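Residues per chain are reported as follows:
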Amino acid sequence: MKKSLGAKTLICPTPVWAVGSYDKQGKPNVMTIAWGGICCSAPPCVTVSLRKATYTYESMMERKAFTINVPNEKHARQIDYFGLVSGKNEDKFKESGLTPIKSDLVDAPYIKEFPLVLECKLIKTVELGLHTQFIGEIMDVKADESVLDDGGLLDLKKVLPLIYSIGTASYYGIGQYIGKAHSMGKKK
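Residues numbered from 1 in each chain as written. Predicted model: local features only at pLDDT ≥ 70, side-chain atom pairs only at ≥ 80, totals over all residues. Heavy atoms only, no water.

Trainee: I would appreciate a short explanation of the nonpolar core in the present structure.
Mentor: The nonpolar side chains of soluble globular proteins are, as a tendency, buried together. By size, the foremost hydrophobic cluster in this structure holds 20 residues, and its most contacted members are V48, F66, I68 and F134. Those elements giving two or more residues to this core turn out to be β2 (17-22), β3 (28-33), β5 (44-51), α1 (55-63), β6 (65-70), β9 (116-127) and β10 (131-143). By residue number, the principal contributor to this core is β9, which donates 4 residues. Aside from chain neighbours lying at most four places away, what touches I68 is W17, A18, V19, V46, V48, L116, V117, L118 and C120. (Core = buried A, V, L, I, M, F, W, Y, C linked by side-chain atoms within 4.5 Å. Buried < 20%, exposed > 50% of the residue type's maximum accessible area, 1.4 Å probe, protein only. Helix = DSSP H or I, 4+ residues; strand = E, 2+ residues; numbered from the N terminus. Contact = heavy atoms within 4.5 Å.)

Next comes the structure, spelled out in structure tokens:
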């Protein structure tokens with residue numbers, strides 16, 4: 001028998017991504033998100049949902065572009081840190097020790113050290129209530145060669161992406177616990 005938990009945002013798993021953008025002055029910034037996923041296959045599109053109160057929201061509206069940066073397990077502290085502070089007040093790249101790379105295709109930075117990157121052109125926004133859904137057409141996917149299999153496809157066991165458990169506010173890897181969200185990023 002199932003127990004009703006009410007109308008909540010409980011779904012497992014959700015992705016752990018860093019959304020990359022430039023602010024009005026051209027400063028690179030990243031923000032951790034879990035509300036996202038593929039939303040169309042032709043053209044290839046991805047969606048992320050952000051609150052208007054975030055610094056990244058303003059940047060994405062201004063620049064009409066963003067990147068999706070998929071961290072691996074060794075970047076769990078940095079990705080948690082990206083969700084704890086605002087790029088308005090801190091230089092997240094400088095503080096995390098990660099490297100912003102200017103995309104050749106869209107007006108947004110990506111993270112050099114993360115194994116998988118999607119470069120996206122903003123094609124539509126949808127107001128949903130507390131969040132705005134950003135739909136981006138995927139202009140390119142970049143992957144480190146080290147995470148590809150012999151056929152040139154992504155190997156999940158090599159990417160080692162993080163997932164987020166909403167119910168327990170925890171990060172997980174492929175079958176193993178990584179750390180507690182909203183706390184492990186406090187240790188730089």
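There is more to say after this.
Trainee: Explain α1 to me, please; I cannot follow it from the model alone.
Mentor: Structurally, the α-helix is built with 3.6 residues per turn, so residues lying three or four positions apart point the same way. Those residues of α1 that fall on the buried side of the exposure criterion are Y55, T56, Y57, S59 and M60. Tucked inside the fold, the buried residues of α1 contact β2, β3, β5, β6, β9 and β10.

Trainee: Help me understand the environment of C12, please; the structure alone is not making it clear to me.
Mentor: Tracing the backbone through its elements, the reader meets C12 in the segment before β1 (14-15). Along the chain, C12 and K88 lie 76 residues apart, while their C-alpha atoms are 31 Å from each other.

Trainee: What is the right way to look at the sheet that holds β3 in this model?
Mentor: Working definition: the strands of a sheet are paired by backbone hydrogen bonds and lie parallel or antiparallel to each other. Pairing is antiparallel in the open sheet, where 7 strands are placed in the order β3-β2-β6-β9-β10-β5-β4. If you trace the sheet from one side to the other, it starts and ends with β3 and β4 (36-41), each paired once. When the angles between neighbouring strand axes are averaged without regard to direction, this sheet yields 35°. Summarising the sheet, β5 and β10 pair through 7 bridges and their orientation is antiparallel. When the sheet's bridge partners are listed, R51 is paired in β10 with H131. Against the sheet, α1 engages β2, β3, β5, β6, β9 and β10, with an angle of about 55° to β2. Together, β2 and β3 form the strand contacts of helix α2 (residues 76-84), whose direction differs from that of β3 by roughly 100°. (Pairing = 2+ DSSP bridges. Axes fitted to C-alpha atoms, helices over the stretch in contact; angles between N-to-C directions.)

Trainee: Where do I start with the pattern of salt bridges in this structure?
Mentor: Two side chains carrying opposite charge are able to pair once their charged atoms lie near each other. Counting across every chain of the model gives 6 salt bridges. Across the pair D107 and R63 runs a salt bridge, and its minimum N-O distance is 2.9 Å. Taken as a pair, D107 in the loop between β7 (100-102) and β8 (109-111) and R63 in helix α1 lie far apart in primary sequence, 44 residues in all. One network of salt bridges, in which partners are shared, links E119, D140 and K142. (Salt bridge = Lys/Arg side-chain N within 4 Å of Asp/Glu carboxyl O.)

Trainee: Before we go on, may I ask you to explain the pairing of β6 in this structure?
Mentor: Residues in a regular strand project their side chains so that they alternate between the two faces of the sheet. Here β6 lies mainly inside the structure; 6 of its 6 residues are buried. Side-chain alternation along β6 places A65, T67 and N69 on one buried face and F66, I68 and V70 on a second face that is also buried. Examined bridge by bridge, β2 and β6 share 3 bridges and lie antiparallel to one another. Within β6, the position partnered with A18 by the bridge is N69. Across 6 bridges, β6 lies against β9 in antiparallel orientation. From the neighbouring strand, I68 faces β9, where its bridge partner is L118.

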